[in-house]
Amino acid sequence: MRHTIKMDQKDDRYYISKVLEGDMQAFSYLVDKYKDMVFTLAFRILKNRENAEEVAQDSFVKVYQNLKKFKSKSKFSTWLYRIVYNTAISRVRVKQKPTMSIDEQNYFEIEDEKQNVIKNFDIENNKMILQRLLNKLDKSDRAIITLYYLDECKISEIAEITGINSSNIKVKLHRTRKKMQEELHKIMKNEMVGIS
Amino acid sequence: MELSDKNITRKLDELLKHQDYEKVTEDFSDKVLSGLHPYLADVKSQYTPLISKRAWILVGVLLLILFILAYVFPSNTETWFDIPLDYLSGLIENTKSIFEISSNLFNNLDTSFLFPVIIPSFILLIIFDRLIHFVMKNRSFFLI
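The model shown is predicted, which means the values in this text are computed figures rather than measured ones.

A. The overall build of chain B, seen in detail. Looking only at helices and strands, chain B features eight helices and zero strands. Listing the helices and strands of chain B from first to last along the sequence gives α-α-α-α-α-α-α-α. Taken over 144 residues, chain B has a buried fraction of 24%. Long-range contacts, defined as pairs at least 24 residues apart, comprise 64% of the intrachain contacts of chain B with a sequence gap of at least 6. For chain B, the computed accessible surface area is about 11000 Å², with 66% contributed by carbon and sulfur atoms.

B. Main features of helix α8 (residues 139–150) of chain A. Residues and elements named next belong to chain A. In a regular helix each residue adds 1.5 Å, so 12 residues correspond to 16 Å; α8 covers 16 Å between its end C-alpha atoms and thus fits that length. Of all 12 residues that make up α8, 10 are buried, and the element is covered over most of its length. All of the buried residues along α8 are Ser-140, Asp-141, Arg-142, Ala-143, Ile-144, Ile-145, Thr-146, Leu-147, Tyr-149 and Leu-150. Just past α8, the residue Glu-152 takes up positive phi, approximately 55°.

C. Structural context of the confidence of the model for chain A. All names here are of chain A. Put simply, chain A has an average pLDDT of 82, and 78% of its residues get 70 or more. Per-residue pLDDT, averaged within each element of chain A, yields its smallest value for helix α1 (residues 2–7) (48) and its largest for helix α9 (residues 155–162) (94). Per-residue pLDDT stays below 50 along residues 1–7; that stretch engages in 22 contacts with residues further than four places along the chain or on separate chains. Under a pLDDT of 50 for its full length, residues 107–112 has, in the predicted model, seven contacts with residues more than four places off or in other chains.

D. Representation of helix α1 (residues 5–17) of chain B in the model. All names here are of chain B. Here α1 contains 13 residues, and its C-alpha end-to-end distance of 18 Å stays within 8% of the 18 Å for a straight helix at 1.5 Å per residue. Among all positions of α1, only Asn-7, Ile-8, Lys-11, Leu-12, Leu-15 and Leu-16 are buried. Along α1, the residues classed as buried sweep out an arc of 160° about the axis, all on the same side. Exposed and oriented more than 90 degrees from the buried face of α1 are Lys-6 and Lys-17.

E. Representation of unusual backbone geometry. All names here are of chain A. Of note, the phi angle at Lys-47 is positive, near 60°, even though the residue is not glycine. Mapped onto the secondary structure, Lys-47 falls in the loop between α3 (24–46) and α4 (49–66). Residue Glu-152 is not a glycine yet carries a positive backbone phi of 55°. Structurally, the position occupied by Glu-152 is in the loop between α8 and α9.

F. Focus on the interface of chain B and chain A. Counting from both sides, the interface comprises 27 residues of chain B and, opposite them, 43 residues of chain A. Summing both sides of the interface, chain B and chain A together bury roughly 3600 Å²; the carbon and sulfur share of this comes to 68%. Three residues stand out in chain B for area buried against chain A, namely Gln-19, Tyr-21 and Glu-22 of chain B, and they jointly supply 23% of the buried area on that side. On inspection of chain B and its partner chain A, the count reaches four salt bridges. Its salt-bridge partner being Arg-49 of chain A, residue Glu-22 of chain B comes within 2.6 Å of it at the nearest N-O pair. Going through the elements one at a time, α1, α2 (28–35) and α3 (37–45) of chain B are the ones with two or more residues in the side of chain B that touches chain A. Within the side of chain B that touches chain A, the residues separate by chemical class into 14 nonpolar, five polar and eight charged.

What counts and how
Position numbers for residues start from 1 in each chain and track the written sequence from start to end. Following the order in which they are written, the chains are lettered starting with A and the ligands numbered starting with 1. Local features in this predicted model are restricted to residues whose pLDDT is 70 or higher, and side-chain atom pairs enter the listing and the counts only when it is 80 or higher, whereas totals over whole chains, interfaces and linings include all residues. Side-chain measures here rest on the full set of heavy atoms in the structure, leaving out hydrogens and waters. Numbering of helices and strands runs from the N terminus, with a helix taken as a DSSP run of H or I at least four residues long and a strand as a DSSP run of E at least two residues long. Between buried and exposed lies partly exposed: a residue is buried under 20% and exposed over 50% of the maximum accessible area for its type, with that area taken using a 1.4 Å probe on protein chains only. Note on contacts: a residue pair is in contact if any heavy atoms of the two residues lie within 4.5 Å. Methods summary: accessible areas were calculated by the Shrake-Rupley approach with a probe of 1.4 Å, and residue burial reflects only the protein chains presented. An expected span of 1.5 Å times one less than the residue number is assigned to each helix. pLDDT expresses how confident the predictor is about each individual residue, on a scale running from 0 to 100. Along the arc lie the directions from the helix axis toward the C-beta atoms. Buried area is a sum: the accessible area each of two parts loses on coming together, probed at 1.4 Å, counted once for each and added. A pair is scored as a salt bridge if a Lys or Arg side-chain nitrogen falls within 4 Å of a carboxyl oxygen belonging to Asp or Glu. Nonpolar residues are Ala, Val, Leu, Ile, Met, Phe, Trp, Tyr, Cys and Pro. Charged residues are Asp, Glu, Lys and Arg, and all others, Gly as well, are polar.

Here it is in structure tokens:
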């Protein structure tokens, strides 16, 4: 799926020019193309589906309103993710709905079931483990990890999106990975105790 | 299962590389597009004249150039505006002769027609073509 985004960056310019001519179908195409990544990025920062969906929608509206200002100096996706990142970070600062996220609910249910779910590292469990690891991180670190590993953004692009300089991004990636490794170690250790 | 650093690193790589996108609700795109309706209404309600002020100025300048050229390259006794009807009939005759593959086509042309009409028209055509090209290239600027 990530390859579909990477493959046709050039197409974006065509669709952007169509949108600027008033073609709403072209904008609909861009929304469909990027909605999952936009939502994932917002969700990783906010840890709440409802808020993340609102942020994702707001971001697309902002993109539409400011599309004339997009100068194609950077990739459209970089510009879009920057808007999503800033909108989500602002949302965290202003208000965070106190409702527990679905994933957090799932996480606690798992804990109640004495971690039976994480005994086998199948796809679903991997997702839950990753969620646990991400929950231990700072919001900007979650965003960086998502952009780097999920969307395969370059360091320079992540720097542009987050407003953090490239060397700091490298340091953050290294530290975050180390932190995740430590947390994963704990999880796997617990699993081994559970088995024995 | 041994919990070596290598295993942990491998597991983490696996988790990070095989992570997938979170899925939005099915009506997400519809919600986004309906959220844009207020902005679309604003755009539609704005009156945009078919020919902008700048385009009118452009036409004015072109006409001015036309007048200047008409007086810079006058014919011997007549003003430029008296010429076209006479030469139009001449042109029709010439056109006829083209279809008849007449050998004396070029003999029918009056050379005095060359300077006052053809050359300025040719220059104007080039200028107009360049201007149209410029206007089309900068449409957004001219429609403000």
